[in-house]
Amino acid sequence: MNHTEPQRNFGDEEDIRTEVRSLISSLPSDTNIQGKKLCNYQGCWYYYKNLQAVLDYQKHFKPLDSDIIVTSYPKSGTTWLKALTVALLHRSEDGLQSHPLTSDSPHGLVPFLEMDLYHKSSTPDLTKLSSSPRLFSTHMPLHTLREPLKDSPCKIVYVCRNVKDVLVSLWHFRSKIGKKEAERSGLESIIESFCKGVDNYGPIWDHVLSYWKGSLEDPKHVLFMRYEDLKEEPYAQVMRLAEFLDCPFTEQEIRTGSVEKISDLCSLSSLSNLDINKTGISWNNVDHSIFFRKGEVDDWKNHLTTEMANKIDMIMDEKFQGSGLKM
Ligand code: A3P
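Let me sum up the structure you'll find in this document. (Residues numbered from 1 in each chain as written. Predicted model: local features only at pLDDT ≥ 70, side-chain atom pairs only at ≥ 80, totals over all residues. Heavy atoms only, no water.)

The next thing to look at is the pattern of salt bridges. With the rule as written, the count across this model stands at 15 salt bridges. One salt bridge connects Lys 120 with Asp 116, and the closest N-O pair in it is separated by 2.8 Å. Remark: Asp 116 and Lys 120 occur in helix H6 (residues 113–120); sequence separation between them is 4 residues, near one turn of the helix. Because the salt bridges share partners, they merge into one network encompassing Arg 17, Glu 19 and Asp 56. (Salt bridge = Lys/Arg side-chain N within 4 Å of Asp/Glu carboxyl O. Helix = DSSP H or I, 4+ residues; strand = E, 2+ residues; numbered from the N terminus.)

Put into structure tokens, the structure is as follows:
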């Protein structure tokens, strides 16, 4: 962190309203390895302040048919998917001069419902959002996200990533973001939390499965993407995302290299070299640069022991058994 302002803590317990406190007292609760309190709502673990925002979202959010919601488990490629979505929807804008990605970070352009909009206010003024269609993001599991969406035709795009890479990425992220000693968790602690399933937005297997099943049941409205596929075949995946968002590439765009341009613009090296991402700071005092690190597939091999990897694989194999999902 290169700034001096106090960092907003998503686990902060002040500002929790009485009725939410009362609900929390009736829910299963636990603390994660960092000693932060969590409670389980609809099968997912949340920091208290995030849960309050989730409840406000469920109560007050009114979807528009054209809304697009980018979703993920933390550290699965959220920033990348947000950038790709923005770039796809703004591709008529020539060059980078006035491109939205140069004036704000992907997280500023595609705000989190529960960690941004409903975190700041129980009834945020969504008419103030500049994007059209409206772009939102979330780490909530699908069943929780969908509650206020009812029969809305809005589009939901999920990105998942090899769990071992997610854990390593989370470890690096928490080490960087954690000012207090307790927030600088060791990798072993993060794996322990993972195996227990008790961590912010966990258990990861239920999270991934909610979107996997949702995408099979309702492929028109829920798209399931993989970080590894985006790395391996960016062209095909950008085309797939564009089709799903009802903004397919024209023959002319394909001929003039529009797909490659979007994929290049959203590469880690391109995004992380934009001034806004090098020096910018988010509303809650997080450096934009913290969301860009290595961006590699199988980085876990540099950090996890064989024993750790086998333990994680065994858990995931068991949880995904019969679902048709392999990670
Ligand atoms: P690593 O820590 O493995 O490098 P999230 O955006 O969900 O917080 O995930 C962050 C992870 O995505 C980090 O992974 C980060 O480096 C990687 N990432 C961010 N932007 C990316 C991009 N444009 N392309 C590929 N990976 C990216």
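Of all hydrophobic cores here, the largest spans 59 residues; its most connected members are Leu 51, Leu 113, Leu 145, Phe 194 and Ile 204. The contact partners of Ile 204, leaving out residues within four places of it in the chain, are Tyr 73, Val 163, Val 166, Phe 194 and Met 316. Formed by 34 residues, the second largest nonpolar core is a distinct cluster that contains Leu 84, Phe 244, Ile 262 and Cys 266. (Core = buried A, V, L, I, M, F, W, Y, C linked by side-chain atoms within 4.5 Å. Buried < 20%, exposed > 50% of the residue type's maximum accessible area, 1.4 Å probe, protein only. Contact = heavy atoms within 4.5 Å.)

Considering the arrangement of structural elements, one finds Ser 270 in helix H15 (residues 268–272). When neighbours within four sequence positions are excluded, Ser 270 is seen to be in contact with Asp 264 and Leu 265. For Ser 270, the side chain forms a polar contact with the main-chain oxygen of Asp 264, separated by 3.5 Å. (Polar contact = N/O pair within 3.5 Å; in protein donor to acceptor, adjacent residues only side chain to side chain.)

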